[in-house]
Structure formats: C-alpha cells, structure tokens
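A closer look at the structure
As a plain string of letters, each chain reads:
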Amino acid sequence: MQTSSILISLSLLLLQFFSSQAITSSQDISALKAFKVAIKPTSIPPWSCLASWDFSTDPCALPRRTHFICGLTCSSDSTRVTQLTLDPTGYSGQLTPLISQLTQLLILDLADNNFFGPIPASISSLSNLQTLTLRSNSFSGSVPDSITKLKKLDALDVSHNSLSGYLPKGSYLISSLRRLDLSYNKLTGSLPKLPYNLLELALKNNSLSGVISKTPFDGLSQLEVVELSENSFTGTLKAWFFLLPSVQQVNLANNKLTGVEIAKPLNGSSDLVAVDLGFNKIEGYLPENLADYPLLSSLTMRYNRLRGTIPMQYSQKKSLRRLFLDGNFLIGKPPTGFFSGDVEVSGSLGDNCLHGCPGSSQLCNPSQKSYSVCKQAYGGKPRS
C-alpha cells in the first residue's frame, strides 16, 4: 500500500513537471523549421547552434542538454520564441519570409554571417521587435518600407551589407528608435525625416547626396552622434546643425561640402566634443566660433580649401586636444600658444602655406607647401 502511494505521488509530481513544460507554439516551430531549411546545410558547422536544432524535441523544452542548446530564447512559460541570436559561424542562406510567424520576437540578431537576398517585407509582422541586427552579411535590395511599422524598435543595425535604393521616407514613424546604423551599404538619395527619439545616426560609406537640410533633423532634441562620412553631400552646412541641443560627435568627412557656417553656442552651452569635416571642398576661413564650444576636444578640417590665418582662439582653448588642419592653404604664423607647452595638442598644421612653424614641433609635420603653389593659390604673393 505504501509503495502504491509513493508511485501515485511520483506520478503526480511528474505530471505536474511536464505540464509546466508548455509546448512551443506550432507557428513558432514551423517558422524555426523554415528558417533552418533556408540555410545551406554545408554552411552549418557540426559544432554550431543551428546544428543542434533537432525538431524531434520541443525547441523551448528545458533543460536543453543536446538539442537547441543555443541560438534562441523562449518566454517564461516556454510557449513562444522571444529571441533569435545566431552565432557568427558563416551561415549562408536567405532570411525566410516565414520569420514573420515569430510574433513574440524581441530580438533578431543574425550578425556576422553570410545571409544574402532581400530583407523580407513580412518582417513588419514582428510587432514586438526591439532589436534588429543584420550587420555584416550580404543582404541586397532596398530597405523595406514595411520596416517603419516596427513601432517598438529601439535599435536597427543593417550595416556592412549590399543594400541599395532610398532610405524609407516613413523612417520617422519608428518613434521608439534610438540607434540607427545603415553604414557601408549602397544607399542613395537624400536624408528623409528622422525618428524623433534618435540618439545615434550612422550612415557612413553610402552614396547619399544633396544638401543636408534642417527638415530631417527637426525635433531631434536627443541626437548625440551623427556619422555621415564617406557620402556625397554637397553645399554649405548651415549654422543650425551644430546647435542641435544634444549633439556630441559629428563626422562628415569625405563628402563634397563646399562651406560651413558656425554660430556661437546658445547661452555658451554645448555638449559638442568632436567634429570631423576633413576631406571635403570647404572654402573660406577657419570658423572662429568653434573655439566657443566649451567641451570641444577634437577638430579635423584637413584637406579642404581653407585660407587665411589660424584664429588665436584655437591656441587658447584648454579643452582642445586634437587639431588636424593639414592640407589647406592657411597662411601667416601659427599661434605661439601651440608651442609654448601650455596647451598639449596633437595633430597637424602641415601641408599649408604657413611660415614660422617650428620644425621641432610634431604639429608642423608634414612640411608646408612650396612657395609657388601658395602663390598660385592666392593669385600672387600670399599675405601673412
């Protein structure tokens, strides 16, 4: 009788245990099967996460000793897949449109693999998605407009792919987006209206063009990082740009900008720390007002078409630590404050038309342009 009671108790415990191990949603299982089938078997190493995906067992069942050992995370009740994060082993294949069935997915991370083909428009069905990372693959085609329906998306990183076409015009509709990185693609056109809550914008190394107008940046009170280098932006960068209330780092190097306007910071306050406008076609004089930005520590305006003298205020700025002005047509004698030992500045004033730049200072390397080049640039003898 006692043995019978023990068996009944054990049976109840086992029943309770297995009933607590809820079965993964059938739509999630079919989505995971389709996801794996779309990947070339020869690109799945035997030690990888995907190699452990054996659908003879339940994907969310615990403990995972031999199957589904990595690559996915499930909800607390073990019924839905909430995270799909692949190991970077070089998986090659296409992203199946049936990924849309994982409607409780919070994170989708396929970074550093060899996925190719388009990003399926059906990805818009992942209404709970917070992080989408497809970085360093071979995705092609355009960024689907449907991506703007992901209202909970916080971070989008599709950098280092082969995406082309325009940026979605409805990008601003992703109101929750904080970090956007589409660098190293083949995107064209101008900047669309940007999401209001954006903290970081990275569109480096594309084929974006046109004037950088104020409209895309209207209302972006939290934007801290702007990385737009290695594109084809033209025209004059207007004064409003550096007055964005939270901007800290700006990189617009390697574009086709011809001018820059700098206003003094509002109330003398600004978070601006680093500015890189190197390798453009900027003409005119060095903007004195940059010296009024209290936290500015790095300034690069190398290889432009700048003329005139170096403002004295630059050498009096205690926060300045890196200054690259080489490759312009600056004249006169550089401020003595750079060489007095009071200010520790690294960088270069070389390849200009300066005179009296101490050869013993690292700042004066490389050597200045020849007199004939400077004379031609100024249509006569360069004035000091």
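All of the points below concern the structure found in this document.

1. Some thoughts on unusual backbone geometry
Working note: non-glycine residues mostly have negative phi, and peptide bonds are mostly trans. For the peptide bond that leads from L62 to P63, omega is -5°, which places it in the cis range. In this structure, P63 sits in the loop between helix 2 (26-37) and strand 1 (72-74). In the segment running from N365 into P366, the intervening peptide bond is cis, with an omega of -5°. Looking at where P366 falls in the secondary structure, it is placed in the loop between strand 25 (353-354) and helix 4 (371-377). At Y303, a residue that is not glycine, the phi angle is positive and equals roughly 50°. Along the chain, the position of Y303 falls in the loop between strand 20 (298-300) and strand 21 (305-307).

2. Focus: the state of the cysteines
Evaluated as defined, the whole model comprises four disulfides. Paired through a disulfide, C49 and C70 show a sulfur-sulfur distance of 1.9 Å. On the sign convention where negative means left-handed, the S-S torsion of about -120° between C49 and C70 marks this disulfide as left-handed. On the criterion of sequence distance, the pair formed by C49 in the loop between helix 2 and strand 1 and C70 in the loop between helix 2 and strand 1 is long-range, its members being 21 residues apart. The exposure class of C49 is buried, given its relative accessible area of 6%. A sulfur-sulfur distance of 2.0 Å marks the disulfide that ties C353 to C374. When the S-S torsion is -95°, as for the bridge of C353 with C374, the disulfide is left-handed.

Conventions we followed
Residues numbered from 1 in each chain as written. Predicted model: local features only at pLDDT ≥ 70, side-chain atom pairs only at ≥ 80, totals over all residues. Heavy atoms only, no water. Helix = DSSP H or I, 4+ residues; strand = E, 2+ residues; numbered from the N terminus. Disulfide = S-S within 2.5 Å. Buried < 20%, exposed > 50% of the residue type's maximum accessible area, 1.4 Å probe, protein only.

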